[in-house]
Amino acid sequence: MRIRHGGGEKAKIDFSVSLNPLGIPDEVKRAVANADFEQYPDIECAELINAISGYEKIDAKQIVCGNGAADLIYRIVGVVKPKTALIVEPTFAEYEKALSEYDCAVEKHFLAECEGFALKSDFPDKININTDIVFLCNPNNPTGTITALTDDIARKCAQTDTLLVVDECFMDFVENAESYAAKQFMNKYTIIVKAFTKSYSMAGLRLGYAIFGDEELAETVSGYGQPWSVSSAAQAAGIAALEMSGYLERARELISREREYLSNELTNMGIYVFPSKTNFLLLKSDYPLKEMLMKKQIAVRSCDNFEGLGKEFFRIAVRTHEENTKLINALKELI
């Protein structure tokens, strides 16, 4: 079964997908237009991986590219074929779906609303020698919370021979991200998944990569699944994106400023806003915000299909000030 995600709404402004509000850079568009579409793409993604290697300061043998982060998640699970897994809820639903396709027993650790959906220090205690794999979304989707426990979790996974997959697709939007990033705590049991999709607003191109602590596992995952999973256009786009200077810094500044604006305005309207460290906000309201805002051709993400949340929860992206103002003005009129 397909899982419902954000996007795909017929609306003038789409707050249901959490992409970089600056949009896809012109340099990336030009690189896509100039890509060679008459030849098969490089099956090894060699040039792109070398560019990522220099950007991340990680050996190229530890990097695998894929058709978005979701592709890599499914390929990792397909190679490892875990029997038991641990995930938090609410979180990105594709972890559980990928695991379920291999009959993996999934233990769920539910984050408490009364604690702001924060991951507490007891979480590493849930990991034991019977746990084959742990998925951790940091910052977490859809709550926007970030954990400082990655070091403790990585150590516990190493002690118990447990694979740790850290999804950092929204980490580029976090201020002082280096202090939270899993790369500084990597060991042979760690995999970090990232995506150009969110960071460079390239959702339609589908491009992600994973950094592996274990080179042998990286090689196995690289050879698993269909060949040519990353198109020539996506590879060219990724190389061009990594050459951008100051783009992510400008995005972080905009997001920080606009996130505060949205939080203040929504709170003043009686809508509860959960604190967020990234480019989206989790809201709680008795108003049917999704249906209401569609009357104004504005799309937001209903979170009723996230485990641990209900119909009163919604997620909105942090976009440009002009777009955010239109959202606020529309809500003021509707409410």
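Predicted, not measured: the structure shown is a model, and the values here were computed from it.

1. So, the overall build of the protein
Per the secondary structure count, the protein includes 11 helices and 13 strands. Relative to a compact globule of 335 residues, whose C-alpha radius of gyration would be 20 Å, the protein shows 20 Å and is just as compact. Once the C-alpha set of the protein is aligned to its principal axes, its extents read approximately 55 × 50 × 40 Å. Classification of the 335 residues of the protein by burial places 54% in the buried group. A fraction of 73% describes how many contacts in the protein between residues 6 or more apart in sequence connect residues 24 or more apart. If you sum the accessible surface of the protein, you get close to 15,100 Å²; carbon and sulfur atoms cover 47% of it. Here the protein contributes 37 positively and 49 negatively charged side chains, and the mean placements of these two sets differ by 5 Å.

2. Points about helix α8 (residues 232–242)
Most of α8 sits out of view: 11 of its 11 residues are buried. Among the residues making up α8, those that are buried are S232, A233, A234, Q235, A236, A237, G238, I239, A240, A241 and L242. Where α8 is buried, its residues touch α1 (26–33), α2 (46–56) and α6 (196–199).

3. Details of the nonpolar core
Within the largest apolar cluster, 52 residues are counted, with the highest numbers of intra-cluster contacts made by I153 and F196. The dominant element in this core, judged by the number of residues it contributes, is α8, at eight residues. Residue contacts for I153: discarding those within four places in its chain leaves L119, F123, P124, I127, L136 and L164.

4. Some remarks on the sheet that holds strand β9 (residues 272–273)
Taking strand neighbours across the sheet as the criterion, the four strands line up as β9-β10-β13-β12 in an open arrangement whose pairing is antiparallel. Only two strands of the sheet have a single partner each, and these edge strands are β9 and β12 (301–302). The sheet contact formed by β9 and strand β10 (residues 280–284) spans two bridges and is antiparallel. Considered in β10, the bridge of V273 is made with L283. Across the sheet, helix α9 (residues 247–268) is in contact with β9, β10 and β13 (313–317); its angle to β10 comes to roughly 10 degrees.

5. Overview of unusual backbone geometry
For the bond running from E89 to P90, omega is 0 degrees, close enough to zero to count as cis. With respect to the helices and strands, the residue P90 is situated in the loop between β3 (84–89) and α4 (94–100). Across the junction of N138 and P139, the peptide omega takes the value 0 degrees, indicating a cis bond. Take P139: it is sitting in the loop between β5 (133–137) and α5 (150–159). A positive phi angle, near 50 degrees, is found at C45, a position not held by glycine. In this structure, C45 sits in the loop between α1 and α2. Here C45 falls in the buried class, since its relative accessible area comes to 6%.

6. Things to note about the packing of helix α3 (residues 69–80) against helix α7 (residues 215–222)
When two helices pack together, their arrangement is given by the angle between the helix axes and the distance between those axes. Orientation of α3 relative to α7, taken along the N-to-C sense of each, is 110 degrees, at an axis distance of 9 Å. What the angle tells us is that α3 and α7 run roughly perpendicular. For the pair formed by α3 and α7, the contact residues are R75, I76, V79 and V80 on the first element and L217, T220, V221 and S222 on the second. Classifying every residue of the contact of α3 with α7 gives five nonpolar, two polar and one charged.

7. Focus: the pairing of strand β6 (residues 163–167)
Along β6, five of the five residues are buried, which leaves the element largely enclosed by surrounding structure. Here β6 shows two buried faces, one formed by L163, V165 and D167 and the other by L164 and V166. Summarising the sheet, β5 and β6 pair through five bridges and their orientation is parallel. Bridged to F135 within β6 is V165. Since β5 and β6 lie parallel, the crossover through α5 that links them has a hand, and here it is right-handed. Of the strand pairs in this sheet, β6 and strand β7 (residues 190–195) are connected by four bridges, and their pairing is parallel. Residue pairing for β7: D167 is matched across the bridge by V193.

Quick notes on the rules
- Residues numbered from 1 in each chain as written.
- Predicted model: local features only at pLDDT ≥ 70, side-chain atom pairs only at ≥ 80, totals over all residues.
- Heavy atoms only, no water.
- Helix = DSSP H or I, 4+ residues; strand = E, 2+ residues; numbered from the N terminus.
- Rg over C-alpha atoms; globule rule 2.2 N^0.38 Å.
- Buried < 20%, exposed > 50% of the residue type's maximum accessible area, 1.4 Å probe, protein only.
- Contact = heavy atoms within 4.5 Å.
- Areas by Shrake-Rupley, 256 points an atom, 1.4 Å probe, with all protein chains shown as cover.
- Lys, Arg positive; Asp, Glu negative; His and termini not counted.
- Charge placed at Lys NZ, Arg CZ, Asp CG, Glu CD.
- Core = buried A, V, L, I, M, F, W, Y, C linked by side-chain atoms within 4.5 Å.
- Pairing = 2+ DSSP bridges.
- Axes fitted to C-alpha atoms, helices over the stretch in contact; angles between N-to-C directions.
- Parallel < 35°, antiparallel > 145°, perpendicular 65-115°, else oblique.
- Nonpolar A, V, L, I, M, F, W, Y, C, P; charged D, E, K, R; others polar.
- Right-handed = clockwise from strand over helix to strand, strands pointing away.

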